[in-house]
Amino acid sequence: MDPLPHDPVHDLVAFRHAPVSLPGICYGRLDVAAALAPAEAADAIERALQGLGVRPGVIWSSPLSRCAGPAAELSTRLGVPHVVDERLLEIAYGAWEGRAFSDIEREDPSAYAAWLRDWERAGPPGGESAIEVEARVRSFWRELGAGSCASWRASGAPSHLLVAHAGVLRALRVVACAATWPAAMSAPAPHLSAERFPMPASAVPLAACQGARTLRA
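Residues numbered from 1 in each chain as written. Predicted model: local features only at pLDDT ≥ 70, side-chain atom pairs only at ≥ 80, totals over all residues. Heavy atoms only, no water.

Draft legend 1. Region of the structure containing the overall build of the chain. Looking only at helices and strands, the chain features eight helices and five strands. In the chain, which comprises 217 residues, the proportion classed as buried is 49%. Just so you have it, the chain exposes about 9,100 Å², and 56% of that area is on carbon and sulfur atoms. (Helix = DSSP H or I, 4+ residues; strand = E, 2+ residues; numbered from the N terminus. Buried < 20%, exposed > 50% of the residue type's maximum accessible area, 1.4 Å probe, protein only. Areas by Shrake-Rupley, 256 points an atom, 1.4 Å probe, with all protein chains shown as cover.)

Okay, structure coming up:
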């Protein structure tokens, strides 16, 4: 794949990881396996990148295997660096990790109701709020345009590729596309589907970001 010229509007291409077979389970920070092997997920992402005409210069992921596995596979195939960043972890659910949401609602009804009322500002017991996730994702996003990440953009050509969790994708909609959290949550985040985001110097409205979400793999 030939590199794209530097795009001042969309320079970060993100894919949500492959599905996880744990319906109804709260598994944010748990290192659970995806339903597809890393090589299969990488196949799907690589096909989508070819369709988009995108050649990444660096691949980012959280340390969790459902993101890091496909990212490492793509790094080897494409011959570009894979960078693991803990700011890209899924939202932390604290004491609720690994439990069924139905059990949480039944066994901890007061905390569950309080979280539903104010999930933007209040997290589960020992976990994170949406705003806390937003803060660490904003820190990552800002560094893509300058500072410690500037060397990845020195050539002015390749895009950044992110293999991401749903919470991180939605936080990027807030920080890069000026979405509200309710709007970011209501828009779908399909597995193995490309979503493009602007760099810090060129934020665009959420509608533009959604318009750039293409090619479900």
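Draft legend 2. Fine view of the sheet that holds strand 5 (residues 194–197). Spatially, the five strands line up as an open sheet ordered 3-2-4-1-5, and their pairing is mixed. Bordering the open sheet on either side are strand 3 (82–84) and strand 5, each of which pairs with just one other strand. Going from strand to strand, the sheet's axes swing by 25 degrees on average, the running direction of each strand aside. As paired elements, strand 1 (residues 12–16) and strand 5 share four bridges and run antiparallel to each other. Its bridge partner lying in strand 5, Ala14 is registered against Glu195. Sheet strands in contact with helix 2 (residues 65–78) are strand 2 (56–61), strand 3 and strand 4 (159–164), and its direction is about 160 degrees off that of strand 2. Those strands touched by helix 6 (residues 166–177) are strand 1, strand 4 and strand 5, and its axis lies near 30 degrees from that of strand 5. (Pairing = 2+ DSSP bridges. Axes fitted to C-alpha atoms, helices over the stretch in contact; angles between N-to-C directions. Contact = heavy atoms within 4.5 Å.)

Draft legend 3. Spotlight on the pairing of strand 4. Burial analysis of strand 4 places six of its six residues in the buried class, which makes it a mostly covered element. The alternating pattern of strand 4 places Ser159, Leu161 and Val163 on one face and His160, Leu162 and Ala164 on the opposite face, and all of these are buried. With five bridges joining them, strand 1 and strand 4 adopt parallel strand pairing. Each residue of the ladder has a partner; that of Arg16, found in strand 4, is Ala164.

Draft legend 4. Up close: the pattern of salt bridges. Here the structure, examined in full by the defined rule, presents 13 salt bridges. A salt bridge links Glu73 to Arg77; its shortest N-O distance comes to 3.0 Å. Placement of both Glu73 and Arg77 in helix 2 is noted, with a separation of four residues, approximately one turn of the helix. Glu73 sits in the partly exposed class, given a relative accessible area of 28%. One network of salt bridges, with partners in common, ties together Asp43, Glu46, Glu73 and Arg77. (Salt bridge = Lys/Arg side-chain N within 4 Å of Asp/Glu carboxyl O.)

Draft legend 5. Region of the structure containing the confidence of the model for the chain. Residues with a pLDDT of 70 or more make up 81% of the chain, whose mean pLDDT is 86. Every residue in residues 147–157 is under pLDDT 50, and counting partners more than four places away or in other chains gives 22 contacts. Confidence over residues 210–217 falls short of pLDDT 50; this stretch has 24 contacts with residues more than four positions distant or in other chains. (pLDDT = per-residue confidence, 0-100.)

Draft legend 6. View of helix 6. Across its twelve residues, helix 6 extends 16 Å between first and last C-alpha, which sits within 8% of the 16 Å expected from 1.5 Å per residue. Burial analysis of helix 6 places twelve of its twelve residues in the buried class, which makes it a mostly covered element. For helix 6, the full list of buried residues reads Ala166, Gly167, Val168, Leu169, Arg170, Ala171, Leu172, Arg173, Val174, Val175, Ala176 and Cys177. (Expected span 1.5 Å × (residues − 1).)

Draft legend 7. Spotlight on the layout of surface pockets. Considered as a void within the structure, the largest pocket measures approximately 510 Å³ in volume. Of all the elements in the fold, those that place two or more residues in the lining of the largest pocket are helix 5 (130–145), helix 6 and helix 7 (181–186). Ranked by the residues each element gives to the lining of the largest pocket, the list is headed by helix 6, at three residues. (1 Å grid on protein atoms, 1.4 Å probe; cavity = no way out; pocket = protein on both sides within 12 Å on 5 of 7 lines; lining within 4 Å. Points joined across faces, edges and corners; volume = space filled by probe spheres on them.)

Draft legend 8. Examining the side chain of Arg87 more closely. Counting through the fold element by element, Arg87 comes out in the loop between strand 3 and helix 3 (101–107). Reaching out from Arg87, the side chain makes a polar contact with the side chain of Ser139 at a distance of 2.8 Å. A distance of 3.1 Å separates a polar atom in the side chain of Arg87 from a polar atom in the side chain of Glu143. Apart from the residues within four sequence positions on either side, Arg87 is in contact with Arg136, Val137, Ser139, Phe140 and Glu143. (Polar contact = N/O pair within 3.5 Å; in protein donor to acceptor, adjacent residues only side chain to side chain.)

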